[in-house]
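# A look at the structure
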Amino acid sequence: MKHLVVFLLLIATPVLADREDHERARRALEAGEILPLSDILAVVEAAHAGRVIELELDRDDGMWIYELEVLTPEGQIYEMEIDAATGDVLEIERDREDD
């Protein structure tokens, strides 16, 4: 029985972490600390054609940063960092692992 409880806790941990991340993002949006995701996706689309395949919202040195991976129609992956408060593109870098 003890092993079952440990197993259930292990499989539930990612779900709880995701829920916490969503709540953190929602609070930041409601407080006006970040732009809506739709605004950020418009910035991404203007900077690079492609599909967002990964997205994270992190706090770094007191700044909210969206970190994204974009898959282009040619199959290349670009990593982007965008200031979540202003929508400014901070960095665009081609992921060399896709070569």
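Owing to the predicted nature of the structure, the values given are computational and were not obtained by experimental measurement.

## So, the pattern of salt bridges
Overall, the coordinates contain two salt bridges when judged by the stated rule. Close ionic contact of Arg26 with Glu23 constitutes a salt bridge, the shortest N to O distance being 2.6 Å. Residue Arg26 and its partner Glu23 are both found in helix α1 (residues 2–30); the two are separated by three residues, about one turn of the helix. Judged by relative accessible area, Arg26 falls into the partly exposed class, the value being 36%. Its relative accessible area of 31% is what places Glu23 among the partly exposed residues. Of the charged contacts in the structure, one is a salt bridge between Glu30 and Arg26, with a shortest N-O distance of 2.8 Å. Placement of both Glu30 and Arg26 in helix α1 is noted, with a separation of four residues, approximately one turn of the helix.

## Topic: the sheet that holds strand β2 (residues 63–71)
One open sheet accounts for four strands, arranged β1-β2-β3-β4; its pairing is antiparallel. Only two strands of the sheet have a single partner each, and these edge strands are β1 (51–60) and β4 (89–94). Geometrically, the sheet is characterised by an average inter-axis angle of 15° between neighbouring strands, direction not taken into account. Pairing geometry for β1 and β2, over nine bridges, is antiparallel. Across the sheet, Leu55 pairs through a bridge with Leu68, a residue of β2. Here helix α2 (residues 37–47) sits on the sheet and contacts β1, β2, β3 (77–83) and β4; the angle it forms with β3, its principal contact strand, is near 130°.

About the cut-offs
- By convention here, each chain's residues receive numbers from 1 onward along its written sequence.
- It should be noted that, the model being predicted, local features are given only for residues of pLDDT at least 70 and side-chain atom pairs only at 80 or more, the latter also being counted only at that level, while totals for whole chains, interfaces and linings use all residues.
- The basis for every side-chain value is the complete set of non-hydrogen atoms in the structure, without hydrogens or water.
- By convention in these notes, a salt bridge is any Lys or Arg side-chain nitrogen within 4 Å of a carboxyl oxygen on Asp or Glu.
- Where helices and strands are cited, they refer to DSSP runs of H or I of at least four residues and of E of at least two residues respectively, numbered from the N terminus.
- Under the scheme applied here, a residue whose accessible area is under 20% of the maximum for its type counts as buried, over 50% as exposed, and between as partly exposed, the area being computed with a 1.4 Å probe on protein chains only.
- Strand pairing is assigned whenever DSSP detects at least two bridges linking the two strands.
- Convention adopted: a line fitted to C-alpha atoms gives each axis, helices being fitted over their contacting stretch, and angles between N-to-C directions are expressed from 0 to 180 degrees.
- Every residue pair with non-hydrogen atoms within 4.5 Å of one another is taken to be in contact.

It is worth stressing that arrangement in space is one thing and function is another; only the former is reported here.
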